[in-house]
Amino acid sequence: MTTSIPRFFLNVLLATTCALGIAASVRANEVTIGTGAAAAENIFRKIEFPIKRTQNIELNILYSGPVQALKDLDAGKVHCAVGGVAFGDWMELMKKENYAIPDPSVYRSWVIGQDKVKVLTNLDVPVKSLSKEQLVAIFSGTAMNWSQVGGPDQPIIVVLGNQIPGTLSVFKKQVMGNAEFTKNVMTGTTVEDVKSRIIRNSGAVGICTLAQVDYLVNSPDIPEIARPITLVTKGAPTEDVMRMINYINTAGQRYIIK
């Protein structure tokens, strides 16, 4: 005996099958990015939702800093590594971290943006501006009280993040010169953690990125410290990575912090 399926149920089954097929076909393509704070906050978090909606690309953002990001790229754990540092300086940074790159030509690189390094202080240090010489005095430990650099009479607490080597490397190169960072520091991790410690500690000062500037901290005028945000692939980029780069340089510009 043959059992026939009513037309109504056939239509429902067909509609369900089509819907599942469409859902599978439009599932976002994932791009895994190893990146430091500057690129994550200034670019990828800003375009995360619009690029998924318009380009069907889902970003998997791994906060790791430029050193670990490049190691992960070499290990095949990420599709691209991104850092707030020029490519040549990135290679030098890897050398300092005992991970020298024997042949930099195996990588391809793109500058996808620019970030500004900012100095933040606790709100109880309302200094309006700091010169390069004053910044060197503060972060080298030569000045130990804010009164020495035009601030109130209270001790300076320097906060440095141990997970933001790119940010600190740029600051050292453009501001510190031959001077070394003071050893008498409060150690933080990410830029978010550095900012949090600055907010909680009277007299605190630290080095962060433009994205951390808001009403919770004081951000004095300082000489401009700018750096390129560089994206690196090992060999040719995947199709989705290339689509992401093109999106960042075109439609994505409206979302990116300037």
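For the structure given in this document, a descriptive report is provided here. Predicted, not measured: the structure shown is a model, and the values here were computed from it.

Here we come to helix α8 (residues 239-249). All of the buried residues along α8 are D240, V241, M244, I245, Y247 and I248. The buried residues of α8 all sit within an arc of 160° when viewed along its axis, so they share a single face.

When two helices pack together, their arrangement is given by the angle between the helix axes and the distance between those axes. At a minimum axis distance of 10 Å, the contact between helix α5 (residues 132-140) and helix α6 (residues 165-176) shows a crossing angle of 130°. Relative to α6, α5 is oriented oblique. Contact with α5, carried on its side by K132, L135, V136, F139 and S140, involves F171, Q174, V175 and M176 of α6 and no other residues of that element. Looking at side-chain class alone, the contact of α5 with α6 contains 6 nonpolar, 2 polar and 1 charged residues.

Our focus in this paragraph is the packing of helix α2 (residues 37-55) against α8. The contact between α2 and α8 brings their axes to 11 Å, and the two run at 110°. Considered as vectors, α2 and α8 are oriented roughly perpendicular to each other. As α2 packs across α8, the resulting crossing turns out to be right-handed. Across the interface between the two elements, I43, F44, I47, P50, I51, T54 and Q55 of α2 pack against R243, M244, Y247 and I248 of α8. Each residue belonging to the contact of α2 with α8 can be placed in one class, and the counts come to 8 nonpolar, 2 polar and 1 charged.

The next thing to look at is the layout of surface pockets. What the largest pocket holds in volume is close to 630 Å³. As for the largest pocket, its lining consists of 27 residues, of which P165, L168, S169, K172 and F181 are closest to the centre. Put simply, the parts of the chain that give the lining of the largest pocket at least two residues each are α4 (87-96), β5 (157-161), α6, β6 (185-188) and β8 (226-234). Take the lining of the largest pocket: its biggest share by element is 7 residues, from α6. Each residue belonging to the lining of the largest pocket can be placed in one class, and the counts come to 12 nonpolar, 6 polar and 9 charged. Space inside the second largest pocket adds up to approximately 160 Å³. As for the second largest pocket, its lining consists of I138, G141, A143, M144, I156, I157, V158, T182, N184, V185 and M186. In terms of residue class, the lining of the second largest pocket is made up of 8 nonpolar, 3 polar and no charged.

Our next topic: the pattern of salt bridges. In this structure the tally under the stated criterion is 11 salt bridges. Here D193 makes a salt bridge to R197, at a shortest N to O gap of 2.8 Å. Of the two residues, D193 and R197 both sit in helix α7 (residues 191-200), 4 residues apart, roughly one turn of that helix. For R197, a relative accessible area of 22% translates into the label partly exposed.

Looking now at the pairing of β6. Pairing between β5 and β6: 4 bridges, direction parallel. Across the sheet, residue V158 finds its bridge partner in β6, namely V185.

We now examine the side chain of K118. Tracing the backbone through its elements, the reader meets K118 in strand β4 (residues 107-121). In this structure, K118 is in contact with G206, I207, C208, T209, L210, V213, S219 and I222, ignoring residues within four places of it in sequence.

This next bit is on the environment of G36. Position of G36 among the secondary structure elements: in the loop between β1 (29-35) and α2. Along the chain, G36 and Y63 lie 27 residues apart, while their C-alpha atoms are 5.8 Å from each other. Residues contacting G36, with those up to four places away along its chain left out, are G65 and V82.

Among the secondary structure elements, T121 is positioned in strand β4. A relative accessible area of 0% means that T121 is categorised as buried. A distance of 3.0 Å separates the side chain of T121 from the backbone oxygen of V125, its partner in a polar contact.

What follows covers α4. All buried positions along α4 are accounted for by W90, M91, L93 and M94. Down the axis, α4 shows its buried residues gathered within 160° of arc, on one side only. Residues of α4 that are buried sit in contact with α3 (65-74), β3 (80-83), β4 and β8. N98, located one to two residues past α4, shows a positive phi value of around 60°.

Conventions used here
Residues numbered from 1 in each chain as written. Predicted model: local features only at pLDDT ≥ 70, side-chain atom pairs only at ≥ 80, totals over all residues. Heavy atoms only, no water. Buried < 20%, exposed > 50% of the residue type's maximum accessible area, 1.4 Å probe, protein only. Helix = DSSP H or I, 4+ residues; strand = E, 2+ residues; numbered from the N terminus. Arc of directions from axis to C-beta. Axes fitted to C-alpha atoms, helices over the stretch in contact; angles between N-to-C directions. Parallel < 35°, antiparallel > 145°, perpendicular 65-115°, else oblique. Contact = heavy atoms within 4.5 Å. Nonpolar A, V, L, I, M, F, W, Y, C, P; charged D, E, K, R; others polar. Left-handed = near helix turned anticlockwise from the far one by under 90°. 1 Å grid on protein atoms, 1.4 Å probe; cavity = no way out; pocket = protein on both sides within 12 Å on 5 of 7 lines; lining within 4 Å. Points joined across faces, edges and corners; volume = space filled by probe spheres on them. Salt bridge = Lys/Arg side-chain N within 4 Å of Asp/Glu carboxyl O. Pairing = 2+ DSSP bridges. Polar contact = N/O pair within 3.5 Å; in protein donor to acceptor, adjacent residues only side chain to side chain.

So, to be careful, I would describe these as geometric facts and stop short of saying anything about function.
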